[in-house]
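Summary of the model geometry
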Amino acid sequence: MNVTIDDLNIYYNITGEGERTAVILQGWGTEAGMYDLVAKAIADKYRVVQFDFPGFGGSDEPREPWNVSAYTDFFCKFMQALDIKEATLIGHSYGGRVIIKAATRQNVPFSIDRIVLIDSAGVLPVRTFKQKVKIRRYKILKALLVNKVFYTLFPEVVDEWRSRQGSADYKNATPMMRQCLVMAVNEDLTDRLPQIKQDTLLVWGDQDTATPMRDAHIMEEKIPHAGLVVLTGSGHFSYAEQPAKFTGILRSYLIG
């Protein structure tokens, strides 16, 4: 199914027939279908909404670079478009960023029942001295290589250097979405965590390198009503790596 929000065509899907509603907010660069097993885990008791953020999966890209606040604005409009007044929010990775923003806003047009954050982003990583030196070197080289004269003289050198920069998410993104990603990863939401009032379940893979266990412990400490479950041996997509364990955990928390 599709809905138009601010002239953007947005893909969404609804499964389940429960009286309560759960909305799944995806990780960066994924598509809604990657969370089908999350939806199936609770579809007997919940009406589950999956959707693609603008620029992800089957939804149109934003027409200008969006930061996390802009994506949260969109999410509020999406909830209004589907006439959702109350929901449990389940967020993986980048989706967790939007949930943290939404849960700590003053005038959100819907109420949030419970929150589930799976390998959530939102905590700015601590950079080692080596990483700081690498970033500094990158900025110096970037300033030199984007110079038009230098590019005219050595286009192959510049193109080869550019192709080696950034994470897999960054390399796979379009120019527009790269700008959105840069704004997201440079925003620290740690100060917002104590403002989250809802009961919050944190599910984490102990082998996660994208959002490491340090982030999980910070969220557990700072969110007032939070509990942490660790899926041993799992990485950033812990819910998919251990689906049986994850399903049991999610059902226990949301259904009992």
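The coordinates are above.
An account of the accompanying structure is given in this report. Remember, it's a predicted structure, so these values are computed and weren't measured experimentally. (Residues numbered from 1 in each chain as written. Predicted model: local features only at pLDDT ≥ 70, side-chain atom pairs only at ≥ 80, totals over all residues. Heavy atoms only, no water.)

Section: helix α3 (residues 94-103)
The cut-off we apply is this: In this scheme, a residue with accessible area under 20% of its type's maximum is buried, one over 50% is exposed, and one in between is partly exposed, where area comes from a 1.4 Å probe on protein chains only. The helix count covers DSSP runs of H or I at least four residues long, the strand count covers runs of E at least two residues long, and both are numbered beginning at the N terminus. In what follows, a contact means two residues having at least one pair of non-hydrogen atoms within 4.5 Å.
For α3, the buried fraction is high: 10 of the 10 residues fall into the buried class. Those residues of α3 that fall on the buried side of the exposure criterion are Tyr94, Gly95, Gly96, Arg97, Val98, Ile99, Ile100, Lys101, Ala102 and Ala103. The secondary structure elements touched by the buried residues of α3 are β3 (20-25), α2 (68-81), β5 (86-92), β6 (111-118), α8 (175-185) and α9 (213-222).

Examining the pattern of salt bridges
For the record, the criterion: Salt bridges are identified by distance alone: a Lys or Arg side-chain nitrogen within 4 Å of an Asp or Glu carboxyl oxygen.
Throughout the structure, instances matching the rule amount to six salt bridges. Note that Lys77 and Asp6 form a salt bridge whose closest N and O atoms lie 2.7 Å from each other. Here Lys77, found in helix α2, pairs with Asp6, found in the loop between β1 (2-5) and β2 (8-15); they are 71 residues apart in sequence, far enough to count as distant. In this structure Asp6 comes out as partly exposed when scored by relative accessible area, which is 48%. For the salt bridge of Arg105 with Asp73, the shortest nitrogen-to-oxygen distance reads 2.7 Å. Taken together, the residues span a long stretch of sequence, with Arg105 in the loop between α3 and β6 and Asp73 in helix α2 at a distance of 32 residues. The exposure class of Asp73 is partly exposed, given its relative accessible area of 36%.

Describing the nonpolar core
So the rule is basically this: What we call a nonpolar core is a set of buried Ala, Val, Leu, Ile, Met, Phe, Trp, Tyr and Cys residues that are connected through their side-chain atoms within 4.5 Å.
Val23, Phe75, Phe78 and Leu89 are the most contacted members of the largest nonpolar core, which has 51 residues in total. The element that contributes the greatest number of residues to this core is α2, accounting for eight residues. Ignoring anything within four residues of it in the chain, the contact list for Phe75 reads Val23, Leu25, Phe51, Leu89, Val98 and Phe110. Grouped together as the second largest cluster of nonpolar side chains are 21 residues, Tyr35, Ala41, Leu231 and Leu254 included.

Regarding the pairing of β1
As a reminder, the rule being used: A pair of strands is considered paired only if DSSP assigns at least 2 bridges between the two.
Of the two faces of β1, only the one carrying Val3 and Ile5 is buried; Asn2 and Thr4 on the other face are not. Across four bridges, the pairing between β1 and β2 is antiparallel. Within β2, the position partnered with Asn2 by the bridge is Tyr11. Where β1 folds back on β2, the antiparallel hairpin that results is connected by two residues, among which Asp6 adopts a positive phi of roughly 50°.

A closer look at the pairing of strand β4 (residues 46-51)
Within β4, five of the six residues are buried, leaving the element largely enclosed by the surrounding structure. Pairing between β2 and β4: four bridges, direction antiparallel. Looking at β4, one finds that Asn13 is bridged to Gln50. Pairing of β3 with β4 involves five bridges; the strand directions are parallel. Opposite Thr21, over in β4, you have Arg47 as the bridge partner.

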